[in-house]
Amino acid sequence: MKVGRNSWHSYVVGLYILGNLYHWNYHCYDLFYEYSPNGMDYYSLAMNICIIMAGVNFLLCRTTHPGSIPDSNTWMNQEEREKTIKPENATMTNKSYCMYCNRYRPKRAHHCSRCDTCVLKKDHHCPWIGNCVGFFNLKYFILLLTYASFALILYFYVVFTPSFLIFYSQHGLRLWRIFAYVDYTSNPAFKLWFAFNCLLSFPLNGLAFFSWAMLANNITTTKYRAMFREKEPTHR
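Residues numbered from 1 in each chain as written. Predicted model: local features only at pLDDT ≥ 70, side-chain atom pairs only at ≥ 80, totals over all residues. Heavy atoms only, no water.

## Side note on the confidence of the model for the protein chain
Right, on to step 1. Counting all residues, the mean pLDDT for the protein chain is 77, and 68% of those residues have values of 70 or more.
Right, on to step 2. Ranking the helices and strands of the protein chain by mean pLDDT puts strand 6 (residues 131-133) first, with 92, and helix 3 (residues 78-83) last, with 51.
Right, on to step 3. Segment residues 88-94 is flagged for pLDDT under 50; beyond a separation of four residues in sequence, or across chains, it makes 10 contacts in the model. (pLDDT = per-residue confidence, 0-100. Helix = DSSP H or I, 4+ residues; strand = E, 2+ residues; numbered from the N terminus. Contact = heavy atoms within 4.5 Å.)

## A closer look at the environment of Val56
Right, on to step 1. Positionally, Val56 belongs in helix 2 (residues 40-63).
Right, on to step 2. Sequence separation between Val56 and Leu144 is 88 residues; the distance between their C-alpha atoms is 8.1 Å.

## Observations concerning helix 6 (residues 221-228)
Right, on to step 1. For helix 6, the set of buried residues is Thr221, Thr222, Lys223 and Ala226.
Right, on to step 2. Check the buried side of helix 6 and you find it contacts strand 3 (110-112), strand 5 (124-126) and helix 5 (188-216). (Buried < 20%, exposed > 50% of the residue type's maximum accessible area, 1.4 Å probe, protein only.)

## Details of the packing of aromatic side chains
Right, on to step 1. All told, the structure shown has 10 aromatic pairs when counted by the stated rule.
Right, on to step 2. A centroid spacing of 5.3 Å and a plane angle of 75° characterise the contact between Tyr155 and Phe156, whose relative ring orientation is edge-to-face. Each member of the pair, Tyr155 as well as Phe156, is classed as buried.
Right, on to step 3. Ring centres of Phe210 and Tyr224 lie 5.2 Å apart, and the angle between their planes is 75°; on these two criteria the pair is classed as edge-to-face. Linking Phe210 in helix 5 with Tyr224 in helix 6, this pair joins segments that are 14 residues apart in sequence.
Right, on to step 4. Exposure remark for Tyr224: the relative accessible area of 34% places this residue in the partly exposed category.
Right, on to step 5. Ring-pair connections join several aromatic residues into one group, and the members of that group are Tyr16, Trp193 and Phe196.
Right, on to step 6. The ring of Tyr11 has Arg62 sitting right over it, with the charged end atom 5.7 Å from the ring centre. (Phe/Tyr/Trp six-rings, centres within 6.5 Å; stacked < 30°, edge-to-face > 60°. Lys NZ or Arg CZ within 6 Å of the ring centre and 35° of its normal.)

See below:
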């Protein structure tokens, strides 16, 4: 299995993280400093930490092997080896033998058709990082989503707070018109990046919430998909 596959999706994510780091420090800091001169330094520090940590965990998730099955079946105890179904009698419904890799595998290990191997505790194959998410890099994937989610929440708080104060003083609580007031600068790059972050905020925060819910219930995405389809997977 090749870790960190060459996928254009992963390059897009990397450029997005670097772009947000540039956008925040070049476009946003000076622009909003006049609205919050006392707190902007703290906001900037927190934002830079979130963006940098998101980038670090993205690289770790992309380059860390998710986990493969040992070459021998020594990971099974004697009782499990006695109960293991023999390869010649195995079918696609067996929970102890992979028909593609032609080898035994532990519970929650699944075969990834894109990586062409079985992955320990496979959660899913993510094209946006160019790697499978499994036993050894699931932590980095969760942290990537967490830091990215916190960064977006802080970003919109800093952007909308002065806008809301100006809007409220003129129009009260007619909030559906507030987006027209996010016009602090004529710089088109700021407006473009702001719109891009608006589009990504909902799916990204939703994915972060979903991942934390799966983690809290000790359920992988593969298992959840099987439960959603109301049938059991080959492995949990």
